[in-house]
Amino acid sequence: PGDPKPSTYFTENPVQVTVTGGYHRAGSFLGEIADLSRLVNVSQLKLKGFDKGDLDESVQADFVATAYTLAEGTPNEPAKQSGPVAK
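Keep in mind the model is a prediction, meaning the values are calculated, not measured.

Student: What am I meant to see in a nonpolar patch on the surface here?
Tutor: A cluster of nonpolar side chains, Tyr23, Val42, Leu45 and Leu47, forms an exposed patch at the surface whose accessible area comes to about 390 Å². Considering every element that reaches the nonpolar patch, the biggest residue donor is strand β3 (residues 40-49), with three residues. Within the secondary structure layout, Leu47 lies in strand β3.

In structure tokens:
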């Protein structure tokens, strides 16, 4: 995991990922990332092919997957109250 990068409304949470597998399996994995229920961007994608070896390990994908979380107190998330709670 990389260092979180906060901004006004959200925080970027980058993670460096390396996967090795068949070409179609690597593509399926990236497709599953796209189908996640939370927003995740894939950037800095680098594919490296292997000429020799097993078909199940014919490609290596290196990329950064960045997930986003809302910052505290944004319109979609109530701000935390300080002090005693009124009853």
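We are not done yet, so read on.
Student: Could you clarify how one ought to interpret unusual backbone geometry in this entry?
Tutor: Phi angles above zero are rare outside glycine, and Gln44 is one such case at about 55 degrees. Mapping Gln44 onto the fold places it in strand β3. For Gln44, a relative accessible area of 56% translates into the label exposed.

Student: Sorry, what's going on with the packing of aromatic side chains here?
Tutor: The geometry of an aromatic ring pair is captured by the separation of the ring centres together with the interplanar angle, meaning the angle of the planes. Overall, the coordinates contain two aromatic pairs when judged by the stated rule. Ring centres 5.6 Å apart and planes at 70 degrees place the aromatic pair Phe10 and Tyr68 in the edge-to-face group. Residue Phe10 is found in strand β2 (residues 10-21), and its partner Tyr68 is found in strand β4 (residues 59-70); the two are separated by 58 residues along the sequence. On the basis of relative accessible area, Phe10 is assigned to the partly exposed category, the value being 32%. Judged by centre distance (6.4 Å) and plane angle (50 degrees), the rings of Phe29 and Phe63 are tilted. One end of the pair, Phe29, is in helix α1 (residues 23-34); the other, Phe63, is in strand β4, with 34 residues separating them in the sequence. By relative accessible area, Phe63 is classed as buried at 1%.

Thresholds, definitions, all that
Residues numbered from 1 in each chain as written. Predicted model: local features only at pLDDT ≥ 70, side-chain atom pairs only at ≥ 80, totals over all residues. Heavy atoms only, no water. Patch = residues over 30% accessible without salt bridge, like charges linked within 9 Å, V, L, I, M, F, W, Y side chains within 5 Å. Areas by Shrake-Rupley, 256 points an atom, 1.4 Å probe, with all protein chains shown as cover. Salt bridge = Lys/Arg side-chain N within 4 Å of Asp/Glu carboxyl O. Helix = DSSP H or I, 4+ residues; strand = E, 2+ residues; numbered from the N terminus. Buried < 20%, exposed > 50% of the residue type's maximum accessible area, 1.4 Å probe, protein only. Phe/Tyr/Trp six-rings, centres within 6.5 Å; stacked < 30°, edge-to-face > 60°.

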